[in-house]
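# Fold and geometry: a report
Read off the chains here:
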Amino acid sequence: NSFKSMLPGDVKACKEKAEHDQQVITSHLTERKIAERVVPYSDSLFKWAAIEWLVATDQPIQAFEHPKFKEMIDVAARATNGVKIPGRKATRAEIMRMFKSHLTNLKEKLN
């Protein structure tokens, strides 16, 4: 007889039996992390990466001369474990927080 009961109790019992009968191999598995190859710094590599960023994001050439760009690069250069770049939501939230803080400071100075 190939009839398979789909009654809720029968389905649950069938699932429990299948889980019990199935062998578990997760305890034998270990996660292997892929080694990230870190390319050593060179001026030519930085120049290439900066120009690639400039073109890909349609920035004006003067962006390299902006003091805030230089400040950002100087801050990133001090990183010891790479740089974590925030996502859109985190960036937006931080911009809003900075703006509100600036307004608060401005109000205090004007009062």
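Note that the structure is predicted; figures quoted are calculated from it, not measured.

A word on the layout of surface pockets. Roughly 1000 Å³ of internal volume is contained in the largest pocket. Listing elements by their share of the lining of the largest pocket, those giving two or more residues are helix 2 (43-56) and helix 3 (67-77). When residues of the lining of the largest pocket are assigned to their parent elements, the largest contribution, five residues, is made by helix 3.

Take the pattern of salt bridges next. Side chains that differ in charge, positive against negative, can pair when their charged atoms come close. Applying the stated criterion across every chain, the model contains three salt bridges. In this structure, the salt-bridge partner of lysine 68 is glutamate 71, at a minimum N-O distance of 3.1 Å. Taken together, the residues lysine 68 and glutamate 71, both in helix 3 and three residues apart, mark about one turn of the helix. Assessed through its relative accessible area of 54%, lysine 68 is described here as exposed. Among the salt bridges present, the one from glutamate 94 reaches arginine 97, with a minimum N-O distance of 2.6 Å. Taken together, the residues span about one helical turn, with glutamate 94 and arginine 97 both in helix 4 (residues 88-110) at a distance of three residues.

On the surface, Phe99, Leu103, Leu106 and Leu110 cluster together into a nonpolar patch covering about 390 Å² of accessible area. Its location among the elements puts leucine 103 in helix 4. Overall, the relative accessible area of 34% leaves leucine 103 in the partly exposed class.

Moving on to the packing of aromatic side chains. Pairs of aromatic rings are described using the distance from one ring centre to the other and the angle between the two planes. Tallying each qualifying case throughout the model produces four aromatic pairs. On the numbers, 5.4 Å between centres and 40 degrees between planes, the contact of phenylalanine 64 with phenylalanine 69 is tilted. For phenylalanine 69, a relative accessible area of 14% translates into the label buried. Connected via pairs of aromatic rings, a cluster forms that spans Trp53, Phe64 and Phe69.

About the criteria used
- Residues numbered from 1 in each chain as written.
- Predicted model: local features only at pLDDT ≥ 70, side-chain atom pairs only at ≥ 80, totals over all residues.
- Heavy atoms only, no water.
- 1 Å grid on protein atoms, 1.4 Å probe; cavity = no way out; pocket = protein on both sides within 12 Å on 5 of 7 lines; lining within 4 Å.
- Points joined across faces, edges and corners; volume = space filled by probe spheres on them.
- Helix = DSSP H or I, 4+ residues; strand = E, 2+ residues; numbered from the N terminus.
- Salt bridge = Lys/Arg side-chain N within 4 Å of Asp/Glu carboxyl O.
- Buried < 20%, exposed > 50% of the residue type's maximum accessible area, 1.4 Å probe, protein only.
- Patch = residues over 30% accessible without salt bridge, like charges linked within 9 Å, V, L, I, M, F, W, Y side chains within 5 Å.
- Areas by Shrake-Rupley, 256 points an atom, 1.4 Å probe, with all protein chains shown as cover.
- Phe/Tyr/Trp six-rings, centres within 6.5 Å; stacked < 30°, edge-to-face > 60°.

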